[in-house]
Amino acid sequence: MVLEEQYARHHTQLALLARQGTRPDPTAGADTAAALTAASRRALDDLARALRHLDQGRYGTCQRCRTDIPIEFLAHRPAARFCPRCDAASTRR
Ligand SMILES: [Zn+2]
């Protein structure tokens, strides 16, 4: 199960970052550690939501247009909330 694997991975990374409190890479600054922590938190949020949707039978449905998200898209982005078309529309500036 890809979602659960990703969740576990990010969870582990967050735990490691929190325990170290310092930098995972000696050449990386504290900013990098903070950025990594923030990124993992965001990913965990996304994955937790995706797992909740899975339980509710709503996983894989675009939250904007309600169409099914293509499985190939989900394979690359298991926590995707929007279909490729809506995703492109929402990230376009
Ligand atoms: Zn859509």
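Look up: the structure comes first, before these words.
Residues numbered from 1 in each chain as written. Predicted model: local features only at pLDDT ≥ 70, side-chain atom pairs only at ≥ 80, totals over all residues. Heavy atoms only, no water.

Caption draft 1: Quick look at the overall build of the chain. A count of helices and strands for the chain gives four helices and zero strands. The order of helices and strands in the chain, counted from the N terminus, is α-α-α-α. Among the 93 residues that make up the chain, the fraction classed as buried is 29%. Look at the contacts in the chain between residues 6 or more apart in sequence, and 40% of them connect residues 24 or more apart. (Helix = DSSP H or I, 4+ residues; strand = E, 2+ residues; numbered from the N terminus. Buried < 20%, exposed > 50% of the residue type's maximum accessible area, 1.4 Å probe, protein only. Contact = heavy atoms within 4.5 Å.)

Caption draft 2: Just the pattern of salt bridges, in detail. The full count for this structure, using the stated rule, is two salt bridges. Here Arg 49 makes a salt bridge to Asp 46, at a shortest N to O gap of 2.5 Å. Taken as a pair, Arg 49 and Asp 46 lie in helix H2 (residues 30-55) at a separation of three residues, close to a single helical turn. What makes Asp 46 partly exposed here is its relative accessible area of 30%. (Salt bridge = Lys/Arg side-chain N within 4 Å of Asp/Glu carboxyl O.)

Caption draft 3: Here's a closer look at the coordination of the zinc ion. Protein coordination at the zinc ion: the donors are Cys 62 (SG), Cys 65 (SG), Cys 83 (SG) and Cys 86 (SG), at 2.3 Å from the metal. Bound by four donor atoms, the zinc ion shows angles of 105 to 117° at the metal and therefore tetrahedral coordination geometry. All donor residues of the zinc ion come from one chain, and their arrangement in sequence is C-x2-C-x17-C-x2-C. With Cys 62 in the loop between H2 and helix H3 (71-76) and Cys 86 in helix H4 (residues 84-91), this residue pair connects regions lying 24 residues apart in the sequence. (Donors = N, O, S within 2.8 Å, 3.2 Å for Na, K, Ca; no water. Tetrahedral: all angles 85-135°; square planar, octahedral: opposite > 155°, others 65-115°.)

Caption draft 4: View of the environment of Ala 18. As for its position among the elements, Ala 18 is in helix H1 (residues 2-20). Judged by relative accessible area, which is 63%, Ala 18 ranks as exposed. In sequence terms Ala 18 and Ala 33 are 15 residues apart; their C-alpha atoms lie 9.5 Å from each other.

Everything listed here is a matter of geometry and, on its own, says nothing about what the molecule does.
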